[in-house]
Amino acid sequence: MFFVFDLDGVLYRENKVIKGAPAAVCRLRELGNKVAFATNNAMLSRADNLKKLNKLGFKASLNEIMASAYAAALYLSGKNTKGRSVFVIGEKGLKQELRKVGFKVFSANGKTPKKTDYVVVGIDRKFTYKALKIARELIEKGAFFAATNKDYTYPGKDGLYPGGGSIVAAVEAATGVKAFLIGKPRPFMLEILLKQEMIKRKETIVVGDRYDTDILFGKNAKVKTVMVLTGVTSKSEAYKYKGKAKPDYIINSVCDLGKLFKLHDRNNN
Ligand SMILES: [Mg+2]
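None of the values given here were measured: they were computed from a predicted structure.

Undergrad: Can you walk me through the pairing of strand β4 (residues 34–39) in this structure?
TA: Two faces belong to every sheet, and in a regular strand the side chains alternate between them. Pairing of strand β1 (residues 2–5) with β4, which is carried by four bridges, proceeds in the parallel orientation. The residue of β4 that forms the bridge with Phe2 is Lys34. Relative to strand β5 (residues 65–67), β4 runs parallel, the two sharing three bridges. The residue of β5 that forms the bridge with Ala38 is Met66. Handedness of the β-α-β unit built from β4, helix α2 (residues 46–55) and β5 comes out right-handed.

Okay, structure coming up:
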């Protein structure tokens, strides 16, 4: 089987590992399953996500990581990057990924051209009115407007923090233009992983803690979904979905995946 894990709320919470998660993921690998990681968090590049996972005790390789900053670069570069320019409202990781595929990257901190081909918006903890104004003007002049993700909030140290989606909403309000979504629940990131791993949908399972991103991501891609209760969704919320809207499975944490799918050691069983 192919397990595609969301990160925050599933394997860790901010910088704290979910108890038993590294061993659980390790075990799935040992039993012959493939794993990948898909996150809407656009703060970090793929390489930085890998570093963070390694630091927290998860073994992973770069090609197993799908992150919305990287996915934005991948999606837009599919449209040709040569001489193409992007105005970014976002942090270092997003800018790095866009530069890596060959875009000229601008932000509100430096000189900005009168026109760009794209405006890409993700979380930016130094977001300013100036950036909003520039983005508005560029989109009005015809720049293609893309959002890494539309999560309004994310869980922080002391409650919910405004997410990239809140900034995207500001740009949408200022322009009257709806952003093209790259991250979850659009299935784009999963389609890339499926193609890369050459794995069938029926063998694939998305594991996440948030309904409107992770579970819908899986449903949109027509794969099985597992909701875990270690993140933003409470038990009663998780069980409120009925019929086709229901996550296929609801479990306490990733540590229960082996049991759920009856994955056992041949020796011990
Ligand atoms: Mg999450």
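Undergrad: Honestly, the sheet that holds β4 in this entry has me stumped. Any pointers?
TA: In a beta sheet, neighbouring strands pair by backbone hydrogen bonds and run either parallel or antiparallel. The sheet built from six strands is open, its strands ordered β5-β4-β1-β13-β14-β15 with parallel pairing. Both edges of this open sheet fall to β5 and β15 (249–251), since each of them pairs with a single strand only. Strand-to-strand, the axes of this sheet are offset by a mean angle of 20°, without reference to chain direction. Inspection of the sheet shows strand β14 (residues 224–228) paired to β15 by three bridges, in the parallel sense. Bridged to Met227 within β15 is Ile250.

Undergrad: How do you make sense of helix α5 (residues 129–140) when you look at a structure like this?
TA: Residues that lie three or four places apart on an α-helix share one face, since the helix turns once every 3.6 residues. For α5, with 12 residues, the first-to-last C-alpha span of 16 Å sits near the 16 Å given by 1.5 Å per residue. Every buried residue of α5 is listed here: Ala131, Ile134, Ala135, Leu138 and Ile139. Down the axis, α5 shows its buried residues gathered within 130° of arc, on one side only. Opposite the buried face of α5, by more than 90 degrees, sit the exposed residues Tyr129, Lys130, Lys133 and Glu140. In the core, the buried residues of α5 are packed alongside β6 (85–89), β8 (118–121), β9 (144–147) and α6 (164–175). With its phi angle positive at about 115°, Gly142 sits one or two positions after the end of α5.

The rules behind these values
- Residues numbered from 1 in each chain as written.
- Predicted model: local features only at pLDDT ≥ 70, side-chain atom pairs only at ≥ 80, totals over all residues.
- Pairing = 2+ DSSP bridges.
- Helix = DSSP H or I, 4+ residues; strand = E, 2+ residues; numbered from the N terminus.
- Right-handed = clockwise from strand over helix to strand, strands pointing away.
- Axes fitted to C-alpha atoms, helices over the stretch in contact; angles between N-to-C directions.
- Expected span 1.5 Å × (residues − 1).
- Buried ≥ 20, exposed ≤ 12 C-beta atoms within 10 Å, placed from the backbone.
- Arc of directions from axis to C-beta.
- Contact = placed C-beta atoms within 7 Å.

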